[in-house]
Amino acid sequence: QVQVVESGGGLVQPGGSLRLSCAASGITFSIYNMGWYRQAPGKQRELVARITSDGSANYAEFVKGRFAISRDNAKNTVYLQMNSLKPEDTAVYSCNAVFHLHGSLRGDYWGRGTQVTVSS
């Protein structure tokens, strides 16, 4: 059974930092591309950052220079280091594991999310 579980959310003041973790089990983690998404109340879910199976990362413009995504294949975990947090970063952050083979989607798993609130 596949499980994707996020942790590390919480309440932080503007300018502060948090590190989110996403642990996956039941999949061959190293072959999956991993992504962090967020959804604020009343808004659509949006991509925050993504890291491929070979470790290439890309970021949404609104987090470039502030957030960093990384992965530890030995621990089946992907991280999102969030620095210089702003109130507009407040959202539920969710982790996605996705795997394509020969152009076909073969695995697509989501966690339930972790709340991040940036407020003074």
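All of these numbers come straight from a predicted model, not from anything done at the bench.

Visitor: Explain the sheet that holds strand S7 (residues 67-72) here, please?
Guide: The strands making up a sheet associate through backbone hydrogen bonding, with each pair oriented either parallel or antiparallel. As summarised here, the arrangement of the four strands in space is S1-S3-S8-S7, forming an open sheet in which the pairing is antiparallel. Strand pairing shows two members of the sheet lacking a second neighbour, strand S1 (3-7) and S7, which therefore form its edges. Geometrically, the sheet is characterised by an average inter-axis angle of 15 degrees between neighbouring strands, direction not taken into account. Sheet topology places strand S3 (residues 18-25) next to strand S8 (residues 77-82); six bridges connect them, and they run antiparallel. Within S8, the position partnered with Ala-23 by the bridge is Thr-77.

Visitor: Got a minute to help me understand the state of the cysteines in this structure?
Guide: The bond known as a disulfide is covalent and runs between the sulfur atoms of two cysteines. In this structure the tally under the stated criterion is one disulfide. Across the disulfide, Cys-22 is cross-linked to Cys-95 (sulfur-sulfur distance 2.1 Å). In this structure the cystine formed by Cys-22 and Cys-95 twists about its S-S bond by roughly -80 degrees; its chirality is therefore left-handed. In this pair, Cys-22 sits in strand S3 while Cys-95 sits in strand S9 (residues 91-101), placing the two residues 73 residues apart along the sequence. You can call Cys-22 buried: its relative accessible area is 0%. Overall, Cys-95 belongs to the buried group, its relative accessible area being 0%.

Visitor: Mind showing me how you'd approach the packing of aromatic side chains here?
Guide: What characterises a pair of aromatic rings is the spacing of the ring centres plus the angle enclosed by the ring planes. Per the counting criterion, the structure on display carries three aromatic pairs. Measuring from centroid to centroid gives 6.2 Å for Tyr-32 and Tyr-109, while their planes differ by 40 degrees, and the two rings are tilted. In this pair, Tyr-32 sits in the loop between S3 and strand S4 (33-39) while Tyr-109 sits in strand S10 (residues 104-110), placing the two residues 77 residues apart along the sequence. The class of Tyr-32 is buried, set by a relative accessible area of 6%. Site record: aromatic cluster; members linked through ring pairs are Tyr-32, Phe-99 and Tyr-109. When the ring centre of Tyr-37 is taken as origin, the NZ or CZ atom of Arg-45, which lies over that ring, is 5.9 Å away.

Visitor: I would appreciate a short explanation of the pattern of salt bridges in the present structure.
Guide: On inspection of all chains with the given rule, the structure shows four salt bridges. We note a salt bridge from Glu-46 to Arg-38, for which the minimum N-O separation is 2.8 Å. Where Asp-89 meets Arg-66, a salt bridge forms, and the shortest distance between an N and an O atom there is 2.7 Å. Of the two residues, Asp-89 is situated in the loop between S8 and S9 and Arg-66 in the loop between strand S6 (57-59) and S7; the sequence distance between them amounts to 23 residues. Residue classification places Asp-89 among the buried residues on the basis of a relative accessible area of 1%. The buried category is assigned to Arg-66, whose relative accessible area is 11%. It is possible to trace a salt-bridge network through shared partners that takes in Arg-38, Glu-46, Arg-66 and Asp-89.

Quick notes on the rules
Residues numbered from 1 in each chain as written. Predicted model: local features only at pLDDT ≥ 70, side-chain atom pairs only at ≥ 80, totals over all residues. Heavy atoms only, no water. Pairing = 2+ DSSP bridges. Helix = DSSP H or I, 4+ residues; strand = E, 2+ residues; numbered from the N terminus. Axes fitted to C-alpha atoms, helices over the stretch in contact; angles between N-to-C directions. Disulfide = S-S within 2.5 Å. Buried < 20%, exposed > 50% of the residue type's maximum accessible area, 1.4 Å probe, protein only. Phe/Tyr/Trp six-rings, centres within 6.5 Å; stacked < 30°, edge-to-face > 60°. Lys NZ or Arg CZ within 6 Å of the ring centre and 35° of its normal. Salt bridge = Lys/Arg side-chain N within 4 Å of Asp/Glu carboxyl O.

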